[in-house]
Amino acid sequence: AAAPGPPPHKSIFVTSFNQFKKALTYEKICKKVWPNRDRVLVLIDEVDDFLDRDKLVFNICSNKANAFAKPTLERYLATAKAAYAGEPPPEDRETKNPAYWRALHGKFRGVHAEVQDASRSLNKSFGVFTEATLRHCATNLAQDLEGYRSLIARPYESVNRAMPGSYYSDVERTIYLTYYCLLEDTAKYDALFQQERKFLSFEYFSEHVADAGVEYDDLVYGHEPLSALVKAHPAAKAGLVQFLYEIVLRRMEVRDRARSVNSVDVVLNFDCVGFTGTPFIDNYPTVDYVRDRRADAIPDLIDRRCYAHANENLDDGAFEARFRTFQGVNADVKVRYASSSFVCAGADERSVLKALLTRGGGADAMDDGAPACNVLVDLCGVFKRSSIAEVRDALVEARGAAATRYVYHVDPVDGADRILDVATGTDVPFDEEFYAYLARTRGAKLGSEIFFFVDNRNVIGKDVPFQLVYERAFGAPLFIEAAVLAHDVDDFSKIWQAMGRSRTMARTTFTIYSAKAEDGGAARDVVAWPLTRELYVANCDAKIAGNLSSIYQTIVALVNLRNESFYYGDEIVNDFLLRLDRTLPRRVDALVASLNRDVFAPGSRPAHLL
C-alpha cells in the first residue's frame, strides 16, 4: 500500500474557544467544517474557559410560550407565598404530584435565604432586577437591562456558557424571584400594571381587592401608579400582586429545543494546543488517535497526589504532606483568618470599605502591631460598583491623606493598568516608564506608599512583573500586607488564586475575611489553620463533582462522534415540566438505553475511547 501523504497544512486557526463552540451549533457551519476538520488548529487558553463546569457546554436554545394551566399557576403562587412567609407548603389533596410541590417549596426557601445575603443578592446571578442589584453580570448588561425593563427574567438565552442555577437556565428560580420582586420592589411594575389594569375583572376585584377600600373604577380606569395604590391601600397589595404574577408567568418562555457543543467535542475532532494550565486536554485521545483508530493505552497525566478528600479522614501529617504538594514552590505562606461580618453590617459599600481599611493588617483584637494592608482583593465583588475615586476617598477617610500616595487599579472598561495620585487626582497608565519613575523617586518606600485595589475580576496586570523587579531591586515585597475579601466565597481554588495575585506569596502576609471565620490569632502558616483544611477538602470533593459532569460530557461527545456530529440535541429539555408531570424517569430510561447502544456496546469504538 502506498504510504499516506503528509497531513494537510493548517489553514484555519481558532483562538476564541467559546465562539467556536457557538459556531458549531449551526447546521450550515457544521456541514462546511466537518470535511475540513484536519485543516483546523484550535488554541485553547484559560483552563476555566475550557473545563469549568459552568463553561464546559455551549447551549443554543429556542424558546416557546409556556402552557401552564390556571390551577398550576395558582399552585406556584401559593407555594411562593408560603416560602416567602416562612410557612409550611400548602396542602392540596387534588394535586397529582404532591412530592414535586414539597420539593419546590424547599427550593424556594433556599432561594429566599440566598438573596437575603447582601453580597450574594448584589453580585451573584440570582436575577433580582432592582436598581440596587442590577450589577451582577456586567459582561451581559444588554440582556440584564432587557430583563430589568420587562421584569421577566428570561429562563433561557443563547449564551456562550451553561449557567446552572442562574436566571437564564432555571425556570423555577425565575418563578420565585418574580414573586419576590413583586413584593420587594413593587414600583418596578408600575408600567406593566398601567398596561394591564383595564383587564382586571369585577369578579376578581370583588374576591381579592374590594375589602382594601379602593374603588373599582379608580383601580381599572384611573392613572394612579401601582406603587401609590399599594402605599395608600396596603390591604390591596396581595390581590394586585397575584393579578400581575399570573400575567408575568403566562408571558414567561420555556425552552423548546436545545443543541449543545462541549469542550470534549472539540478535543475529539480537532487538533488542539493548550496554554496556561490546560493539561486536561492531554488526558483525552488526540484527534489523530481517534482518526487512526489506534488502540494503545493513553497515559494518565493527572497528578492526584495533592487531593485530600473528606472520606479519607487523613491525620494532620498526611494532610500537610498533600497540601505541601499542592503549594509547590509557594511554601511557608503566612495567613490569618478574620470574620467578614462587617460586610453584612455595613449600610453601603463605602462603609464596608472603611470598616475593612481601619482594621490594619488583621481584624480587631488580632495582631495589633500588623501594618495596614496595602493590597485589597475583592474576591466576592462587594465593591463592584465603587469607582476608584470612591475607593480613594474611603482610604483618605480611614487612614488620612498622608498615609497613601498612589492607588493602583484596573480600568473596568478596557482592562488597562492605572495609577491614581491621591493628592492630585491624576489617573495615569501604570506602564514600564511610570514604574521606573516611581522606583527612582520613591525607592524602597514605594511598597508602603501604594495601595493595590484588585476587583473581583482579579485581572492579572502589569504589576506582576513589577513585583518581581521591585523585590530584586530592594529586597522587599511590593505586596506587603494583603486583604482577601472572600466573605461568601468558599471555593479554596478562588481564594488561593486571589492570594496568588502576589508573586511573592512567601513574603506577603494575608488576611482572609470569610463568613466562616472568627477573629483572633496572629498570622501563621496557612496549613496550620483548621479552616484551611475545611475549605481545601471541600474544594477537592467539589472537583470530583465537577469531574462527574465532565464524564457525562465525554459520553455525550462520544455519541456525537459516532453520529458524525459536533452537537447534541437534548431530549430532556425542561426537566421541571417532566418532574411536574412525572415523565422524567421514562425519559432518563430512554437516554440510558441509547447510551448503552451508542457508547457502551462491547467492542465498539466509543467504548474503547471511553
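These figures come from a predicted structure and were not determined experimentally.

**Some remarks on the packing of aromatic side chains**
- Under the counting rule described, the total for this entry stands at 37 aromatic pairs.
- On the numbers, 6.1 Å between centres and 65° between planes, the contact of Tyr-84 with Tyr-180 is edge-to-face. Separated by 96 residues along the polypeptide, Tyr-84 in helix 4 (residues 70–85) and Tyr-180 in helix 8 (residues 171–184) bring together distant segments of the chain.
- The buried category is assigned to Tyr-180, whose relative accessible area is 9%.

**Side note on the packing of helix 20 (residues 432–442) against helix 22 (residues 463–474)**
- For the pair helix 20 and helix 22, the least separation of the axes is 12 Å and the interaxial angle reads 25°. Classified by the angle their axes make, helix 20 and helix 22 are roughly parallel. Read as a crossing pair, helix 20 and helix 22 show a hand that is right-handed. Contacts from Glu-432, Tyr-435 and Ala-439 in helix 20 reach Phe-466, Val-469, Tyr-470 and Phe-474 in helix 22.
- For the contact of helix 20 with helix 22, the per-class residue count stands at six nonpolar, no polar and one charged.

**Notes on the pattern of salt bridges**
- Evaluated as defined, the whole model comprises 26 salt bridges.
- The residue Arg-336 makes a salt bridge to Glu-481 at a minimum N-O spacing of 2.5 Å. Pair noted here: Arg-336 is in strand 6 (residues 334–339) and Glu-481 is in strand 12 (residues 481–487), with a separation of 145 residues, a long-range link. Neither residue differs from the other here; Arg-336 and Glu-481 are each classed as buried.
- A salt bridge links Arg-350 to Glu-397, with the nearest nitrogen and oxygen atoms 3.1 Å apart. In this pair, Arg-350 sits in helix 18 (residues 349–357) while Glu-397 sits in helix 19 (residues 388–399), placing the two residues 47 residues apart along the sequence.
- Residue Glu-397 is classed as partly exposed on the basis of its relative accessible area, which comes to 43%.
- Linked through salt bridges whose partners overlap, the residues forming this network are Lys-107, Glu-172, Asp-575 and Arg-579.

**Remarks on the nonpolar core**
- Ranked by internal contacts, the top residues of the largest apolar core, which has 73 residues, are Val-335, Tyr-337, Leu-356, Leu-376, Leu-485 and Met-499.
- With residues near it in sequence (within four places) discarded, Leu-376 still touches Leu-353, Leu-356, Phe-383, Phe-451, Phe-452, Phe-453, Val-454, Ala-483 and Leu-485.
- Residues Ile-175, Leu-192, Leu-240 and Val-241 belong to the second largest nonpolar core, which totals 49 residues.

**Describing the sheet that holds strand 8 (residues 406–410)**
- Spatial strand order, 10-9-8-11-7-12-13-6-14: nine strands in an open sheet with mixed pairing. In this open sheet, the two strands that pair with only one neighbour each are strand 10 (427–429) and strand 14 (524–525).
- Inspection of the sheet shows strand 8 paired to strand 9 (residues 417–421) by five bridges, in the antiparallel sense. Paired with His-409 across the strands is Arg-418, a residue of strand 9.

**Some remarks on helix 20**
- The set of residues buried in helix 20 consists of Phe-434, Tyr-435, Leu-438, Ala-439 and Arg-442. Projection of helix 20 onto a plane perpendicular to its axis shows the buried side chains occupying an angular sector of 140°, all on one side. Across helix 20 from its buried face, at more than 90 degrees, point the exposed residues Glu-432, Glu-433 and Arg-440.
- Tucked into the core, helix 20 has its buried residues touching strand 8, strand 9, strand 10, helix 21 (446–449) and helix 22.
- Positive phi shows up at Gly-443, right after helix 20, with a value of about 65°.

**Thoughts on unusual backbone geometry**
- Its identity is not glycine, yet Asn-313 carries a phi of approximately 50°, on the positive side.
- Structurally, the position occupied by Asn-313 is in the loop between helix 15 (287–291) and helix 16 (316–327).

**Section: the packing of helix 8 against helix 13 (residues 237–251)**
- At their nearest, the axes of helix 8 and helix 13 sit 10 Å apart, and the two run at 145° to each other. The interaxial crossing formed by helix 8 with helix 13 has right-handed handedness. In this structure, helix 8 uses Ile-175, Tyr-176, Thr-178, Tyr-179, Leu-182 and Leu-183 to contact helix 13, whose residues at the interface are Lys-237, Val-241, Leu-244, Tyr-245, Val-248 and Leu-249.
- Here the residues of the contact of helix 8 with helix 13 are counted per class, giving 10 nonpolar, one polar and one charged.

**A look at the environment of Thr-508**
- Topologically, Thr-508 is positioned in the loop between helix 23 (492–499) and strand 13 (509–514).
- The class for Thr-508 is buried, based on a relative accessible area of 1%.
- Aside from chain neighbours lying at most four places away, what touches Thr-508 is Lys-334, Pro-477, Phe-479, Ile-480, Ala-482 and Ser-502.
- At a separation of 2.7 Å, a polar atom in the side chain of Thr-508 contacts the main-chain carbonyl oxygen of Phe-479.
- Polar contacts involving the side chain of Thr-508 include one to the side chain of Ser-502, which spans 2.9 Å.

**Comments concerning the confidence of the model for the protein chain**
- This prediction gives the protein chain a mean pLDDT of 81; 81% of its residues lie at or above 70.
- For residues 120–168, every residue scores under 50 in pLDDT, and the model assigns this stretch 137 contacts once sequence neighbours within four places are set aside.
- Counting interchain partners and residues more than four positions distant, the pLDDT-below-50 stretch residues 361–368 has 26 contacts.

**Topic: the side chain of Glu-481**
- For Glu-481, a relative accessible area of 3% translates into the label buried.
- In terms of polar contacts, Glu-481 uses its side chain to reach the side chain of Arg-336, at 2.5 Å.

**Regarding the state of the cysteines**
- Taken as a whole, this structure holds zero disulfides when the rule is applied.
- Not part of a disulfide, Cys-540 finds its nearest cysteine sulfur in Cys-306, a span of 6.4 Å.

**So, helix 16**
- With 12 residues, helix 16 ought to run about 16 Å at 1.5 Å a step, and its terminal C-alpha atoms sit 16 Å apart, in line with that.
- For helix 16, every residue scored as buried is listed here: Phe-319, Phe-323 and Gln-327. Within helix 16, the buried residues cover an arc of 80° as seen down the axis, which keeps them to one side.
- Its side-chain oxygen at 3.1 Å from the backbone nitrogen of Gly-317, Asp-315 defines the N-terminal cap of helix 16.
- Just past helix 16, the residue Gly-328 takes up positive phi, approximately 65°.

**Structural notes on the side chain of Asp-417**
- In this fold, Asp-417 is placed in strand 9.
- Although Asp-417 is buried, it forms no salt bridge, and the closest oppositely charged side chain is Arg-501 at an N-O distance of 5.3 Å.
- One polar contact links Asp-417 to Tyr-408, side chain to side chain, over a distance of 2.6 Å.

**What to know about a negative patch on the surface**
- A surface patch of like charges, here negative, comprises Glu-215, Asp-217, Asp-218 and Glu-224.
- Positionally, Asp-218 belongs in helix 11 (residues 216–221).

Criteria and cut-off values
- Residues numbered from 1 in each chain as written.
- Predicted model: local features only at pLDDT ≥ 70, side-chain atom pairs only at ≥ 80, totals over all residues.
- Heavy atoms only, no water.
- Phe/Tyr/Trp six-rings, centres within 6.5 Å; stacked < 30°, edge-to-face > 60°.
- Helix = DSSP H or I, 4+ residues; strand = E, 2+ residues; numbered from the N terminus.
- Buried < 20%, exposed > 50% of the residue type's maximum accessible area, 1.4 Å probe, protein only.
- Axes fitted to C-alpha atoms, helices over the stretch in contact; angles between N-to-C directions.
- Parallel < 35°, antiparallel > 145°, perpendicular 65-115°, else oblique.
- Left-handed = near helix turned anticlockwise from the far one by under 90°.
- Contact = heavy atoms within 4.5 Å.
- Nonpolar A, V, L, I, M, F, W, Y, C, P; charged D, E, K, R; others polar.
- Salt bridge = Lys/Arg side-chain N within 4 Å of Asp/Glu carboxyl O.
- Core = buried A, V, L, I, M, F, W, Y, C linked by side-chain atoms within 4.5 Å.
- Pairing = 2+ DSSP bridges.
- Arc of directions from axis to C-beta.
- Polar contact = N/O pair within 3.5 Å; in protein donor to acceptor, adjacent residues only side chain to side chain.
- pLDDT = per-residue confidence, 0-100.
- Disulfide = S-S within 2.5 Å.
- Expected span 1.5 Å × (residues − 1).
- Lys, Arg positive; Asp, Glu negative; His and termini not counted.
- Patch = residues over 30% accessible without salt bridge, like charges linked within 9 Å, V, L, I, M, F, W, Y side chains within 5 Å.
- Areas by Shrake-Rupley, 256 points an atom, 1.4 Å probe, with all protein chains shown as cover.
- Charge placed at Lys NZ, Arg CZ, Asp CG, Glu CD.

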